[in-house]
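# Structural features, examined
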Amino acid sequence: MASCAALCVLAWALAARPHSAARGAAAAATGRPRAVPADRADVAAAARFAVSAFNRDDAGDPHAYKLLNVTSAAVQVVAGVNYILDAELGRTVCKRSAADAQRCVLQTNYKKLVCHFIVNEMPWKNYSALLLNKCA
């Protein structure tokens, strides 16, 4: 009797496993963004990259901005991983050419930007790119 119960549990587990694995694979294969905690290490790294690229490429302001807060984050599996981020940036006293704007002091009554970034990463190629940068 005990072996029958064990066999039944094993059969149920094996029958359920392919279905749940297929459902998870289908969800990942669709490429739909999935919300993740904004304080994850990979999200923080993507946000730092986005702000660095923003400071390097934004010719409209001579001052560098630093990351104040990531307000929301999602990941999307594509050819690599897209990090879809909403973040708040603050204007610093440093010029855009500063090596690390995160170490710079915020201006008194600093200008604050709310930004939407999409960062694409392909770690196996050592590749990262800022695909979208919308700040207001």
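This part is about the side chain of histidine 63. On the secondary structure map, histidine 63 appears in strand β2 (residues 63-78). A relative accessible area of 15% means that histidine 63 is categorised as buried. In terms of polar contacts, histidine 63 uses its side chain to reach the side chain of arginine 91, at 2.9 Å. Setting aside residues no more than four positions away along its own chain, histidine 63 makes contact with Arg91, Thr92, Val93, Cys94, Lys95, Arg96 and Gln107.

If you check helix α2 (residues 41-57), its first and last C-alpha atoms are 24 Å apart, about what 17 residues at 1.5 Å a residue would give, namely 24 Å. Residues Val43, Ala46, Ala47, Ala50, Val51, Ala53, Phe54 and Asn55 constitute the buried set of α2. Packed against the buried residues of α2 are β1 (34-36), β2, β3 (80-95), β4 (112-122) and β5 (127-135).

Reported here for the largest pocket is a volume of approximately 170 Å³. Along the walls of the largest pocket sit Arg48, Val51, Ser52, Asn55, Tyr65, Leu67, Arg96, Ala98, Ala99, Asp100, Ala101 and Gln102, which together make up its complete lining. At the level of secondary structure, the elements contributing two or more residues to the lining of the largest pocket comprise α2 and β2. Per-element tally for the lining of the largest pocket: the top contributor is α2, with four residues.

So, how was this worked out
- Residues numbered from 1 in each chain as written.
- Predicted model: local features only at pLDDT ≥ 70, side-chain atom pairs only at ≥ 80, totals over all residues.
- Heavy atoms only, no water.
- Helix = DSSP H or I, 4+ residues; strand = E, 2+ residues; numbered from the N terminus.
- Buried < 20%, exposed > 50% of the residue type's maximum accessible area, 1.4 Å probe, protein only.
- Polar contact = N/O pair within 3.5 Å; in protein donor to acceptor, adjacent residues only side chain to side chain.
- Contact = heavy atoms within 4.5 Å.
- Expected span 1.5 Å × (residues − 1).
- 1 Å grid on protein atoms, 1.4 Å probe; cavity = no way out; pocket = protein on both sides within 12 Å on 5 of 7 lines; lining within 4 Å.
- Points joined across faces, edges and corners; volume = space filled by probe spheres on them.

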